[in-house]
Number of protein chains: 2
Amino acid sequence: MKKFDDKFLFERISNSIGRQIRNNVLNPGDKLPSIREICRIHAVSMSTAIRAYSELEGKGFIESRPKSGYFVSYTHQKFPSTPKTSNPVSDFGAETTEALIARVYSELGTEDNLLFSLGVPAPELLPISRINKSMVYAMRRMPHSGTSYEKIQGNSELRRQIARGVINWEGELKEEDIVTTAGCMSALTYSISVLAKKGDIIVVESPVYFGILQLARSLGLRVLELATNPVTGMDLDILEKTLKEKTIKLILLVSNFNNPIGSCMPDEHKARAVELAEKYNVPIVEDDLYGDIYFGEYRPRCCKTFDKTGIILWCGSISKTLAPGYRVGWVAPGKFKDQVIRTKLYHSVSSTTPVQGAIAHFLATGRYENHLRKLRNTLHSNSLRYLHAISDSFPEGTRVSRPSGGFLLWVELPKKSNAVKLYETAIKHKISIAPGRMFTLQDQYHNCFRLSYGLVWNETVENSIHLLGKLAKQI
Amino acid sequence: MKKFDDKFLFERISNSIGRQIRNNVLNPGDKLPSIREICRIHAVSMSTAIRAYSELEGKGFIESRPKSGYFVSYTHQKFPSTPKTSNPVSDFGAETTEALIARVYSELGTEDNLLFSLGVPAPELLPISRINKSMVYAMRRMPHSGTSYEKIQGNSELRRQIARGVINWEGELKEEDIVTTAGCMSALTYSISVLAKKGDIIVVESPVYFGILQLARSLGLRVLELATNPVTGMDLDILEKTLKEKTIKLILLVSNFNNPIGSCMPDEHKARAVELAEKYNVPIVEDDLYGDIYFGEYRPRCCKTFDKTGIILWCGSISKTLAPGYRVGWVAPGKFKDQVIRTKLYHSVSSTTPVQGAIAHFLATGRYENHLRKLRNTLHSNSLRYLHAISDSFPEGTRVSRPSGGFLLWVELPKKSNAVKLYETAIKHKISIAPGRMFTLQDQYHNCFRLSYGLVWNETVENSIHLLGKLAKQI
């Protein structure tokens, strides 16, 4: 798993110091080696050493004190606690979620609102001119400039590039294992449609992305929300109990940097989830939409990594990292491949041709990896800046998730607070958040909300978080 | 409805003579005015008169005899009879259709087969370089080059342009009445999903496009195929009887140039269908995919033209006329708009952004109308050439539809013939046709097949049709 060759020198240094801080090898207030010492220890140039330290400083890990040198930051330890494992009642939820979602969505059209509620990175973080170049390439090189129907299973080169990329999570897929779709939501729609029919029960994490709730309900499915830990994901003991007691048609897991709670299932959990799927013969639809946005050194693995029998339907897309509007996603449906291809054919014939060619080219040229490296750094820094701002301004007793990837924070206000009320007050100040009640069909998460740190960090953003905190104290 | 201003002079002349021939005002063998007389009568130049006559000659209406002038062609009258109204049993069909469809589809990958079986115009007939220009325009002008999520309902400018175009069939729609989709099949999927659930009954024409059968079955619906006339479409008396006796959730009509039978419902039929829909409160999903490819002077109207209560869901796309691979379609869902938008959101968030911008630009600049004019002429000529070739070579007793638009012929071989056998023999000669059995769930249409004239006419095509006819005599 060593990948040092791919990394820049400064990143090796900042990562190793970051690790020492996280592991409490270095403690708040500890003095760090001087720039000059770093140069000597690691045999690097002055500029590399400086870059390593500014990286750590940007993320809030360290701070420089005039004429004294660099120190491990205190603020880093001062972040609020993370939320506890969720505790939904084991019953089917009611239908009141819909109205709230519609209300929050209706504000999205208003351009001048500050959209902490939106689940996408800001356009400024996307490499738009380079994507355009790939689109022009696709128009030049694809048969009939991409105006003809694409293969039903999807563009071959795109599927090859996606298959190539899975080595990052120790996956093993071939071009023919992958079916392209119009974004990850389409991948979920086809996968779920194949596995469950009207009246069937599926299980999901709790809280869960509201789009999944809406999709399931529009297909007439019954949704069981299971307890989920903000660090390690779905409680697998409760999952096993549920699989034993009820007829479940599929398990839907956002395994890496879950939306909205930010959890990332450890390897052992992923392996065990796959074992349970096989033991009870219940497929897992794995929504790995955020897996590429990791802040650690390596990309987290997937349930699919541990799949020996084809029982995992691994879904992904470039919508959260590259071009949401392109609607390019995919699924590796394992043993359900033929059924997924048929459903895709019946529901939409094939996916849009030129965007598939453009993204294939973008992946093939290495531009994607290059872009991801920058995006991850920016979002990691953002996450820490947001945490600082929250920790500075929110009421005592507020808990915040500490995601190791993605771009979403889950904020739990003190028990009595009402996040829908906070939403209503905040929107008057042109600040939009996503209240926790959107992420469940049950009567819970009233004191929670989701906050995206995918916006470009600036003074307005910082002031808005401080204002949010002030408002949270008043409700 | 007069639109003479839009037409070229030569078209006015060729159309009016063509009409006289179709109406038997002029009969086979009749001598036509000389070029010089045409110039005098219509006050046009020599070149315009010649162009009008070559137009008619190209379509097989007239022929020139050396040193004698122009005459109404005999061959025009010699075309085989059209098939009779279909007569499906009023029962739900079995499941054997699927296997045949899969078999015919599996041949599509083989590049060097001559694909009479494919339901799209040849890429050579599409204005690819001009489409590319519109795509480049979209990348330059759209916010963030079209990489961001589009509005859930669809690109505003595209919806405006679609609404503008409905004046061609005396429709009245506004931008906000239209929802864009990923091709027409997606429009049908959303519409049908909103109106009917697992176990419900829907009615369709017979024969019917197999994609509709597959979609309905994948949604768990029961399909009733109703008798359909190759000229006037679904038998509305039988439709009324069915609506009276059974609980029907929706009527699906391919109202203009039906795939595969080529029928085009007359205005009175469309108006009556809408009346029935209202009387029995059963919505019509109108698949108007081929309406723009008309061979007469005017575009046929739609059921939607007569819709006063929003009970018609009018679906269309540019897949059959411009760029199949772009997956740009739409639906004007009438009073079901909110439900259709929600279904679209839940199943796929939004449609691909840049292709919507490109097509909006293509429509706005008038390039689409311009292209359609050429495409219609080419396909009309093609249809007559194909009819000639079939009439020259197929066995006695063969019937062929005489579509007034679209690009599909429905061929009915003599009773005892087996079109699946013809398919199997033909594919050995690298000729692919679509056997009639694909277009029904019932045990019928064994002696029928669908033939696309969307290929570019040349000697190979002509010889292949002759060969098909020879093979048809042998089976």
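Note that the structure is predicted; figures quoted are calculated from it, not measured.

Rules and cut-offs
Residues numbered from 1 in each chain as written. Chains lettered and ligands numbered in written order. Predicted model: local features only at pLDDT ≥ 70, side-chain atom pairs only at ≥ 80, totals over all residues. Heavy atoms only, no water. 1 Å grid on protein atoms, 1.4 Å probe; cavity = no way out; pocket = protein on both sides within 12 Å on 5 of 7 lines; lining within 4 Å. Points joined across faces, edges and corners; volume = space filled by probe spheres on them. Helix = DSSP H or I, 4+ residues; strand = E, 2+ residues; numbered from the N terminus. Nonpolar A, V, L, I, M, F, W, Y, C, P; charged D, E, K, R; others polar. Least-squares fit on C-alpha atoms with pLDDT ≥ 70 in both. Contact = heavy atoms within 4.5 Å. Phe/Tyr/Trp six-rings, centres within 6.5 Å; stacked < 30°, edge-to-face > 60°. Buried < 20%, exposed > 50% of the residue type's maximum accessible area, 1.4 Å probe, protein only. Core = buried A, V, L, I, M, F, W, Y, C linked by side-chain atoms within 4.5 Å. Buried area = accessible area lost by both parts, 1.4 Å probe. Salt bridge = Lys/Arg side-chain N within 4 Å of Asp/Glu carboxyl O. Polar contact = N/O pair within 3.5 Å; in protein donor to acceptor, adjacent residues only side chain to side chain. Pairing = 2+ DSSP bridges. Expected span 1.5 Å × (residues − 1). Domains from an automatic or database assignment.

A. Quick look at empty space enclosed by the protein. Taken as a whole, this structure holds 4 cavities of 30 Å³ or more when the rule is applied. Of the voids in this model, the largest cavity is the one considered here, and its volume is about 250 Å³. Every residue lining the largest cavity is counted, 22 residues in all, and those nearest its centre are A:Ser186, A:Tyr190, B:Ser186, B:Tyr190 and B:Ser348. The set of elements that each furnish at least two residues to the lining of the largest cavity consists of α7 (183–195) and α11 (337–348) of chain A together with α7 (183–195) and α11 (337–348) of chain B. Tallied by class, residues from the lining of the largest cavity come to 4 nonpolar, 16 polar and 2 charged. Roughly 50 Å³ of volume is contained in the second largest cavity. What lines the second largest cavity is A:Leu345, A:Tyr346, A:Val349, B:Tyr105, B:Met185, B:Tyr209, B:Phe210, B:Gly211 and B:Gln214. Those elements that provide at least two residues to the lining of the second largest cavity are α11 of chain A together with α8 (210–218) of chain B. Among the elements that line the lining of the second largest cavity, the one with the most residues is α8(B), at 3 residues. Counted by class, the lining of the second largest cavity contains 7 nonpolar, 2 polar and no charged residues.

B. Representation of the relation of the copies chain A and chain B in the model. Placing chain A over chain B gives an RMSD of 0.1 Å and needs a rotation angle of 180°, together with 0.1 Å of translation along the axis. Taken together, these values place the two copies in the relation of a two-fold axis. Interface overlap between copies: 100% of the residues of chain A at the interface are likewise at the interface in chain B, consistent with a symmetric, same-surface contact.

C. A look at the packing of aromatic side chains. Residue and element names in this part refer to chain A. In the structure shown here, the tally under the stated rule is 24 aromatic pairs over all chains. Between Tyr 53 and Tyr 70, the ring centres sit 4.5 Å apart and the planes meet at 55°, which makes this aromatic pair tilted. Of this pair, Tyr 53 sits in helix α3 (residues 46–58) while Tyr 70 is found in strand β2 (residues 69–72), placing the two residues 17 residues apart along the sequence. Owing to a relative accessible area of 0%, Tyr 53 belongs among the buried residues under this scheme. Grouping aromatic residues by their ring pairs yields a cluster made of Tyr 209, Phe 210, Trp 410, Phe 439 and Tyr 445.

D. Broad picture of the nonpolar core. A:Phe116, A:Tyr326 and B:Tyr326 are the most contacted members of the largest nonpolar core, which has 163 residues in total. Top element by residues in this core is helix α13 (residues 367–393) of chain A. It accounts for 9 residues.

E. View of the interface of chain A and chain B. Each partner contributes to the interface: chain A provides 45 residues, whereas chain B provides 46 residues. Around 3800 Å² of area is buried between chain A and chain B when both sides are counted, 62% of it from carbon and sulfur atoms. Sorting the residues of chain A by area buried against chain B places A:Thr147, A:Tyr149 and A:Tyr346 first, and these three jointly supply 19% of that buried surface. Summed over the shared surface of chain A and chain B, the result is 0 salt bridges. The interface formed by chain A and chain B includes 17 residue pairs in polar contact (both at pLDDT 80 or more). Of all the secondary-structure elements, those providing two or more residues to the side of chain A that touches chain B are α4 (97–106), α5 (128–141), α7, α8 (210–218), α11 and α12 (353–364) of chain A.

F. Geometry of unusual backbone geometry. Put simply, A:Asn259 and A:Pro260 share a cis peptide bond, and its omega is 10°. Mapping A:Pro260 onto the fold places it in the loop between β8 (248–253) and α10 (267–280). For B:Asn281, which is not glycine, the phi dihedral falls at a positive 55°. Residue placement: B:Asn281 occurs in the loop between α10 (267–280) and β9 (284–287). According to the relative accessible area criterion, B:Asn281 is exposed, its value standing at 55%.

G. Examining the pairing of strand β1 (residues 62–65) of chain A more closely. All names here are of chain A. The sheet contact formed by β1 and β2 spans 4 bridges and is antiparallel. Residue Arg 65 lies in a different strand from β2, and its bridge partner there is Gly 69. The antiparallel hairpin formed by β1 and β2 contains 3 residues in its connecting segment, where Lys 67 sits at a positive phi of about 65°.

H. Main features of the environment of A:Leu221. Residue and element names in this part refer to chain A. Relative to the assigned elements, Leu 221 resides in the loop between α8 and β6 (222–229). Given a relative accessible area of 5%, Leu 221 falls into the buried group. Residues Leu 221 and Ala 196 lie 25 residues apart in sequence; the distance between their C-alpha atoms is 7.4 Å. Setting aside residues up to four positions removed in sequence, Leu 221 forms contacts with Ile 192, Ala 196, Lys 197, Lys 198, Gly 199, Asp 200, Ile 202 and Ala 216.

I. Local environment of α13(A). End to end, α13(A) covers 39 Å across 27 residues, agreeing with the expected 39 Å (1.5 Å per residue, within 8%). Buried residues dominate α13(A), accounting for 19 of its 27 residues.

J. Main features of the domain arrangement of chain A. All names here are of chain A. By domain assignment, chain A separates into domain 1 (4–78), domain 2 (97–124 + 370–474) and domain 3 (145–367). For domain 2 versus domain 3, the distance between C-alpha centres works out to 25 Å. Tallying the contact residues gives 32 residues for domain 2 and 29 residues for domain 3. Here domain 2 meets domain 3 over a buried area of about 2600 Å², counting both sides, of which 63% is carbon and sulfur. If you sort the residues of domain 2 by the area they bury against domain 3, Arg 376, Phe 439 and Leu 441 come out on top, with a joint share of 22%. Here domain 2 and domain 3 share 16 residue pairs in polar contact (both at pLDDT 80 or more) between them. The set of elements that each furnish at least two residues to the side of domain 2 that touches domain 3 consists of α4, α13 and β13 (408–412). Here the side of domain 2 that touches domain 3 takes 8 residues from α13, the largest share from any one element. A breakdown of the residues in the side of domain 2 that touches domain 3 according to their chemical character gives 17 nonpolar, 12 polar and 3 charged.

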